[in-house]
Amino acid sequence: MLVLGVESSCDETSVAVVRDGKEILSNIIYSQIDIHKEFGGVVPEVASRHHIKKITIVFEEAFKKANVLPSDIDVVAVTGKPGLVGSLLVGINAAEAFALAFNIPCIKIDHITGHIYANYIEHTFDFPLLALVVSGGHTELVLMKEHYSFEKLGETLDDAIGEAYDKVGRVLGLPYPGGVYVDKISQGVTPTYELPLVYLDNQPYNFSFSGLKSAVLNIINKANMKKEVIDKASLAASFQSVAVKVLVDKTINAAKEFKVKKIVIAGGVAANSHLRNSLKEAAKAIDLEVNYPSMKYCTDNAAMIAVSGYFKYKLNK
Ligand code: KG4
Ligand code: ZN
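Residues numbered from 1 in each chain as written. Chains lettered and ligands numbered in written order. Predicted model: local features only at pLDDT ≥ 70, side-chain atom pairs only at ≥ 80, totals over all residues. Heavy atoms only, no water.

> Please explain the side chain of S308 as it appears in this structure.
Position of S308 relative to the elements: it lies in helix α11 (residues 302-314). Here T113 takes part through its side chain, which lies 2.9 Å from a polar atom of the side chain of S308. In this structure, S308 is in contact with I109, T113, G114, Y117 and Y148, ignoring residues within four places of it in sequence. (Helix = DSSP H or I, 4+ residues; strand = E, 2+ residues; numbered from the N terminus. Polar contact = N/O pair within 3.5 Å; in protein donor to acceptor, adjacent residues only side chain to side chain. Contact = heavy atoms within 4.5 Å.)

> It is not clear to me how the nonpolar core should be interpreted in this structure. Could you clarify?
Across soluble globular proteins, nonpolar side chains show a tendency to be buried alongside one another. Ranked by size, the top nonpolar core spans 48 residues in total, and within it L132, F239, I263, I265 and L275 carry the most contacts. Per element, the largest residue contribution to this core is 12 residues, and it comes from helix α8 (residues 232-257). Dropping the residues within four chain positions of it, L132 is found in contact with E140, L141, F207, L247, T251, V264, I265, A266, L275 and L279. Formed by 31 residues, the second largest nonpolar core is a distinct cluster that contains A77, I112, M144 and A306. (Core = buried A, V, L, I, M, F, W, Y, C linked by side-chain atoms within 4.5 Å. Buried < 20%, exposed > 50% of the residue type's maximum accessible area, 1.4 Å probe, protein only.)

> What exactly am I supposed to notice about the coordination of the zinc ion (ligand 2) here?
The zinc ion (ligand 2) binds to the protein through H111 (NE2), H115 (NE2) and D300 (OD); the donor distances cover 2.0 to 2.1 Å. Sequence positions of the donors to the zinc ion (ligand 2) reduce to the motif H-x3-H-x184-D. Taken together, the residues H111 and H115, both in helix α4 (residues 111-122) and four residues apart, mark about one turn of the helix. The pair formed by H111 and H115 is uniform in burial state, with each residue classed as buried. (Donors = N, O, S within 2.8 Å, 3.2 Å for Na, K, Ca; no water.)

> Mind showing me how you'd approach the site of ligand 1 here?
Looking at ligand 1, there are 19 residues lining it, with H115, G136, D166, D183 and N272 nearest. At 2.9 Å from a nitrogen atom of ligand 1 is found a side-chain nitrogen or oxygen belonging to N272. The contact in question runs from an oxygen atom of ligand 1 to an N or O atom on the backbone of D300, over 3.3 Å. With the chains in place, 88% of the 550 Å² that ligand 1 exposes on its own is no longer accessible. Looking at side-chain class alone, the shell around ligand 1 contains five nonpolar, 11 polar and three charged residues. The two domains that each donate at least three residues to the shell around ligand 1 are domain 1 (2-116 + 298-314) and domain 2 (126-292). (Near = heavy atom within 4 Å. Areas by Shrake-Rupley, 256 points an atom, 1.4 Å probe, with all protein chains shown as cover. Nonpolar A, V, L, I, M, F, W, Y, C, P; charged D, E, K, R; others polar. Domains from an automatic or database assignment.)

> Whenever I open this one, the sheet that holds strand β8 (residues 151-155) confuses me. Can you help?
Paired through their backbone hydrogen bonds, the strands of a sheet run either parallel or antiparallel. Strand order in the open sheet formed by five strands is β8-β7-β6-β9-β10, with mixed pairing between adjacent strands. Pairing within the sheet leaves two strands with one partner each, and these edge strands are β8 and β10 (289-291). Shown here is a sheet whose adjacent strand axes are inclined to one another by a mean of 20°, direction ignored. Bridge analysis of strand β7 (residues 139-144) against β8 gives four bridges, and the strand direction is antiparallel. Its bridge partner being in β8, L143 is matched across the sheet by E151. Along the sheet, α8 makes contact with β6 (129-134), β7, β8 and β9 (262-266), crossing β6 at roughly 160°. (Pairing = 2+ DSSP bridges. Axes fitted to C-alpha atoms, helices over the stretch in contact; angles between N-to-C directions.)

> Sorry if this is basic, but what is going on with the pairing of strand β5 (residues 106-110) here?
The side chains of a regular strand alternate, residue by residue, between the two faces of the sheet. Residues I107 and I109 point to one face of β5 and are all buried, whereas C106, K108 and D110, pointing to the other face, are not buried. The parallel pair strand β4 (residues 75-81) and β5, bridged by helix α3 (residues 85-102), forms a crossover whose chirality is right-handed. (Right-handed = clockwise from strand over helix to strand, strands pointing away.)

> Would you explain the sheet that holds strand β2 (residues 12-19) in this entry?
In spatial order, the strands read β3-β2-β1-β4-β5; together these five strands make up an open sheet with mixed pairing. With partners counted over all chains shown, the strands left at the sheet margins are β3 (23-31) and β5, one partner each. Across this sheet, the average inter-strand angle for adjacent strands is 20°, counted without regard to direction. Pairing between strand β1 (residues 2-7) and β2: six bridges, direction antiparallel. Considered in β2, the bridge of L4 is made with V17.

> I tried to follow unusual backbone geometry on my own but got confused; where do I start?
Residues apart from glycine generally show negative phi values, whereas peptide bonds are mostly found in trans. Here the amide bond leading from K81 into P82 is cis, since omega sits at -15°, within 30 degrees of zero. With respect to the element layout, P82 can be found in the loop between β4 and α3. Between F127 and P128 the backbone carries a cis peptide bond, its omega angle lying at -5°. Among the structural elements, P128 can be located in the loop between α4 and β6. Phi at N103 is positive, roughly 55°, even though this residue is not glycine. Structurally, N103 is set in the loop between α3 and β5. Here the phi dihedral of K227 falls at roughly 55°; this positive angle occurs in a residue that is not glycine.

Set out below in structure tokens:
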């Protein structure tokens, strides 16, 4: 079965051709990061305009690279939610128009399921499986007892982890997206700043990162008032060590409680080296394997949407 994946929920315009939910024939990604860098974050109106500019070219490139004809496609899978409404609309219109023209089904995919299924491209799934979803918009622990069954165990009550990373990056004067640069400047640096570890009483699988973000801001503001110099790398490393510790501890607790057979990390923050290493190490102690996608499948891409679409369609979900 050939699935055409389409993703345009934020600042990546992407189209992919995937065979049988596993073999990536093409995965074209046009990223708008350089455009939004100027503004320090994604500007929704600018994002949708660029999706319109690029979507047809990205469709064409996806077929060319995959070496298939548009008429070879069996199903179209497009990100339906969540995301920026104007951006989503561009991908959905293009996908539905394509499906209508070739008289094939077009199914809408939840973006988060795409991030989880990005792991399936290079690994296998063993159930029950626990997914730690960490992106710019989401922080969730999701339990999967079988393919295409998603049980949310907990989520963030305020900021998503990627959002917190990006805000900390911004106050430290790092380029957009902050998460990437906070990770970079923290490499091999000892954390020396004291920051709060927020576990939330009686909410074992929920998260909160806004207090941590404010604590970083307070340190910077106080230093500025006293005209003291901040050790940026150490503050970044301190933020990262606290944020990752909470993510890892809660994930391991859930893995134990639900006796899962595998943990996967999903979403843009799955690219974070400290998170990957810490979770892997903690899971090893309880004999559990941790999978994460390779870098190109961590951030937004259409291949993961096509893989999720393959299972959704095949299982009639
Ligand atoms: O999944 P994604 O591409 O978009 C959403 O669906 O939100 O995730 C983007 C997020 C951004 O917040 C970005 O800063 C973060 O992923 N990110 C990272 C790293 N690479 C990307 N955060 C921490 N460390 C990284 N290496
Ligand atoms: Zn995403």
